[in-house]
Amino acid sequence: CETEKVFLQALVALSFSGAIGLTFLMLGCALEDYGVYWPLFVLIFHAISPIPHFIAKRVTYDSDATSSACRELAYFFTTGIVVSAFGFPVILARVAVIKWGACGLVLAGNAVIFLTIQGFFLIFGRGDDFSWEQW
């Protein structure tokens with residue numbers, strides 16, 4: 001019962017940090033000085049970033065191995081997705097589609113959201129009796 005309470009507190013903290021990250025992202029789009037909603041396309045990167053991990057988790061069954069080619073390929077694709085999510089607003093700001101202040105808010109939101117996703121997998125992805133598969 002004590003572990004469920006700890007996991008529930010962790011889930012609430014992760015939800016709060018995800019909301020903070022989305023707030024930064026929305027502020028980068030919706031403030032009166034910025035008013036351009038192109039940075040919302042980074043939500044696609046946020047949505048697809050865990051997919052390589054899910055696929056590698058299903059394909060590799062031996063969790064005792066320290067490394068496998070499938071898991072390394074999943075790390076590579078996930079890294080590419082995360083770097084693309086950070087590069088997209090910089091490119092938009094560089095070509096003057098969005099302002100640099102909006103770019104900074106979107107980058108801050110990206111950092112918070114990706115740290116939230118990583119925290120979720122660190123806390124709930126251990127494969128014990130209380131894991132992310134229950135959600």
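Residues numbered from 1 in each chain as written. Predicted model: local features only at pLDDT ≥ 70, side-chain atom pairs only at ≥ 80, totals over all residues. Heavy atoms only, no water.

1. Some points on the environment of asparagine 110
Along the polypeptide, asparagine 110 turns up in helix H5 (residues 100–124). On the basis of relative accessible area, asparagine 110 is assigned to the buried category, the value being 0%. A C-alpha to C-alpha distance of 8.1 Å links asparagine 110 and valine 42, two positions 68 residues apart in sequence. When neighbours within four sequence positions are excluded, asparagine 110 is seen to be in contact with Val42, His46, Ala85, Phe86 and Pro89. (Helix = DSSP H or I, 4+ residues; strand = E, 2+ residues; numbered from the N terminus. Buried < 20%, exposed > 50% of the residue type's maximum accessible area, 1.4 Å probe, protein only. Contact = heavy atoms within 4.5 Å.)

2. Points about H5
With 25 residues, H5 should cover 36 Å at 1.5 Å per step; its first-to-last C-alpha distance of 36 Å lies within 8% of that length. For H5, the complete set of buried residues consists of Ala102, Cys103, Leu105, Val106, Gly109, Asn110, Ile113, Phe114, Thr116, Gly119, Phe121 and Phe124. (Expected span 1.5 Å × (residues − 1).)

3. Concerning the packing of helix H3 (residues 51–59) against helix H4 (residues 69–94)
In the contact formed by H3 and H4, the axes pass within 8 Å of each other and the chain directions differ by 175 degrees. Overall, the two elements H3 and H4 adopt an arrangement that is roughly antiparallel. Residue-level inspection shows Pro52, His53, Ala56 and Val59 of H3 in contact with H4, the latter providing Cys70, Arg71, Ala74, Phe77, Thr78 and Ile81. Classifying every residue of the contact of H3 with H4 gives 7 nonpolar, 2 polar and 1 charged. (Axes fitted to C-alpha atoms, helices over the stretch in contact; angles between N-to-C directions. Parallel < 35°, antiparallel > 145°, perpendicular 65-115°, else oblique. Nonpolar A, V, L, I, M, F, W, Y, C, P; charged D, E, K, R; others polar.)

4. Quick notes on the confidence of the model for the chain
On average, the chain scores 89 in pLDDT, and the residues at 70 or more come to 89%. Helix H2 (residues 42–48) holds the highest mean pLDDT among the elements of the chain, 97, whereas H3 holds the lowest, 89. (pLDDT = per-residue confidence, 0-100.)

5. Focus on the packing of aromatic side chains
For the coordinates displayed, the defined rule picks out 8 aromatic pairs. Ring geometry for phenylalanine 76 against phenylalanine 77: centres 5.9 Å apart, planes inclined by 55 degrees, an arrangement best described as tilted. Judged by relative accessible area, which is 45%, phenylalanine 77 ranks as partly exposed. Their ring planes at 45 degrees and their centres at 5.0 Å tell us that phenylalanine 120 and phenylalanine 124 sit as a pair that is tilted. Within this pair, phenylalanine 120 and its partner phenylalanine 124 are both found in helix H5, separated by 4 residues, close to a single helical turn. (Phe/Tyr/Trp six-rings, centres within 6.5 Å; stacked < 30°, edge-to-face > 60°.)

6. Considerations on the UniProt feature "transmembrane region" (unreviewed entry) in the chain
Within this structure's numbering, the places UniProt gives as "transmembrane region" (unreviewed entry) are residues 6–27, 34–55, 75–97 and 104–125. With 55% helix and 0% strand, residues 34–55 has end C-alpha atoms that lie 38 Å from one another. For the annotated span residues 104–125, helix accounts for 95% and strand for 0% of the residues, and the straight-line distance between the end C-alpha atoms is 31 Å. (UniProt positions renumbered as here; feature names shortened; annotations may be inferred.)

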